[in-house]
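Next come the chains, spelled out residue by residue.
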Amino acid sequence: RQVDWLRHVDAVWSYRSSSDIFAPYRNIDAFLDTLLFVDTTTTTTTTTTNERNKLAVWVQRMCKAHNAREQYVEELMRHIPIDSFGTWLHNTGNRTIPRIPRVSLIRTVSQYKFYLAIENSNCVDYITEKLNTAIESGAVPVVFAPNNVPDYRKILPLGSYINLADF
């Protein structure tokens, strides 16, 4: 049953920054804190990119994404070694990804130079925890943003990530 006063409200609440009530997938303040104030004294971020012994990793649960990200990753796997955890293009670890503690995910990703932080959809301002995972682990995020959707330039310095759509 709808509250009477709510019928008089005309507002949009979404992950889009242009909405009346901006509610990103993750708390934007927590994201910016992660981006700007990564604690480099922790074991998950002290490994420099040059000291990491593995090249790239992809961790995913959802298959057949809206943007065909699997095809991009599959083609990339033909050219460089990528460890893939999960159900699609699985080549290491468990085929099913249980809900593991975030600290374990960060510890795993911190062994790699690059983290494929590819969303399952390309929508304006739609960025999930995948980007945080790359940043928290110290890996270079590899994203897929055709026509800069979502626009990572709004939140990351140029040269700090790789956009597959540029190639």
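I will try to describe carefully the structure that is included in this document. Remember, it's a predicted structure, so these values are computed and weren't measured experimentally.

1. Topic: helix H2 (residues 69-77)
Logical step 1: Of the positions making up H2, those classed as buried are Arg69, Glu70 and Val73. Viewed along the axis of H2, the buried residues span an arc of 100 degrees, placing them on a single side of the element.
Logical step 2: Close packing links the buried residues of H2 with strand S3 (54-60), strand S4 (82-86), strand S5 (112-116) and helix H4 (129-137).

2. A look at the nonpolar core
Logical step 1: Counting residues in each nonpolar core, the largest one holds 18 residues, and the members touching the most others are Val57, Val59, Val109, Tyr115, Leu131, Tyr152 and Leu156.
Logical step 2: Contributing elements (two or more residues each) for this core: S3, helix H3 (102-109), S5 and H4.
Logical step 3: Ranked by size, the runner-up nonpolar core spans 9 residues in total, among them Leu116, Ile118, Val142 and Phe144.

3. Quick look at the sheet that holds S4
Logical step 1: Spatial strand order, S4-S3-S5-S6-S7: 5 strands in an open sheet with parallel pairing. Whereas interior strands pair on both sides, the edge strands pair on one side only; in this sheet they are S4 and strand S7 (162-163).
Logical step 2: Sheet contacts for H3: S3, S4 and S5; angle to S5, the most-contacted strand, approximately 120 degrees.

4. Quick notes on the pairing of strand S6 (residues 140-143)
Logical step 1: Bridge count for S5 against S6 is 3 bridges, and the pairing is parallel. Paired with Phe114 across the strands is Val140, a residue of S6.
Logical step 2: At this point the chain moves from S5, through H4, to the parallel S6, and the crossover so formed is right-handed.
Logical step 3: Here S6 runs beside S7; their pairing, made up of 2 bridges, is parallel. Note on S7: the bridge partner recorded for Val142 is Ile162.

5. Considerations on the packing of aromatic side chains
Logical step 1: Under the definition given, this model contains 2 aromatic pairs.
Logical step 2: Ring geometry for Tyr72 versus Phe144: centroids 4.3 Å apart, planes at 40 degrees, classification tilted. You can see Tyr72 sitting in helix H2 and its partner Phe144 sitting in the loop between S6 and S7, a full 72 residues away along the chain.
Logical step 3: Owing to a relative accessible area of 39%, Tyr72 belongs among the partly exposed residues under this scheme.
Logical step 4: For the pair Tyr152 and Tyr161, a centre-to-centre distance of 6.0 Å together with 45 degrees between the ring planes defines the contact as tilted.

6. Re the side chain of Ser137
Logical step 1: With respect to the helices and strands, Ser137 occurs in helix H4.
Logical step 2: Overall, the relative accessible area of 0% leaves Ser137 in the buried class.
Logical step 3: For Ser137, the side chain forms a polar contact with the main-chain nitrogen of Ala139, separated by 3.4 Å.

7. Regarding the packing of H3 against H4
Logical step 1: Running from N to C, H3 and H4 point in directions that differ by 60 degrees, and their axes come no closer than 8 Å. If you check the angle between H3 and H4, you find them oblique. Between H3 and H4 lies a crossing of right-handed hand. For the pair formed by H3 and H4, the contact residues are Arg102, Leu105, Ile106 and Val109 on the first element and Glu129, Asn132, Thr133, Glu136 and Ser137 on the second.
Logical step 2: Class assignment of the residues belonging to the contact of H3 with H4 gives a composition of 3 nonpolar, 3 polar and 3 charged.

What counts and what doesn't
- Residues numbered from 1 in each chain as written.
- Predicted model: local features only at pLDDT ≥ 70, side-chain atom pairs only at ≥ 80, totals over all residues.
- Heavy atoms only, no water.
- Buried < 20%, exposed > 50% of the residue type's maximum accessible area, 1.4 Å probe, protein only.
- Helix = DSSP H or I, 4+ residues; strand = E, 2+ residues; numbered from the N terminus.
- Arc of directions from axis to C-beta.
- Contact = heavy atoms within 4.5 Å.
- Core = buried A, V, L, I, M, F, W, Y, C linked by side-chain atoms within 4.5 Å.
- Pairing = 2+ DSSP bridges.
- Axes fitted to C-alpha atoms, helices over the stretch in contact; angles between N-to-C directions.
- Right-handed = clockwise from strand over helix to strand, strands pointing away.
- Phe/Tyr/Trp six-rings, centres within 6.5 Å; stacked < 30°, edge-to-face > 60°.
- Polar contact = N/O pair within 3.5 Å; in protein donor to acceptor, adjacent residues only side chain to side chain.
- Parallel < 35°, antiparallel > 145°, perpendicular 65-115°, else oblique.
- Left-handed = near helix turned anticlockwise from the far one by under 90°.
- Nonpolar A, V, L, I, M, F, W, Y, C, P; charged D, E, K, R; others polar.

Function cannot be read off these values alone, since they describe shape.
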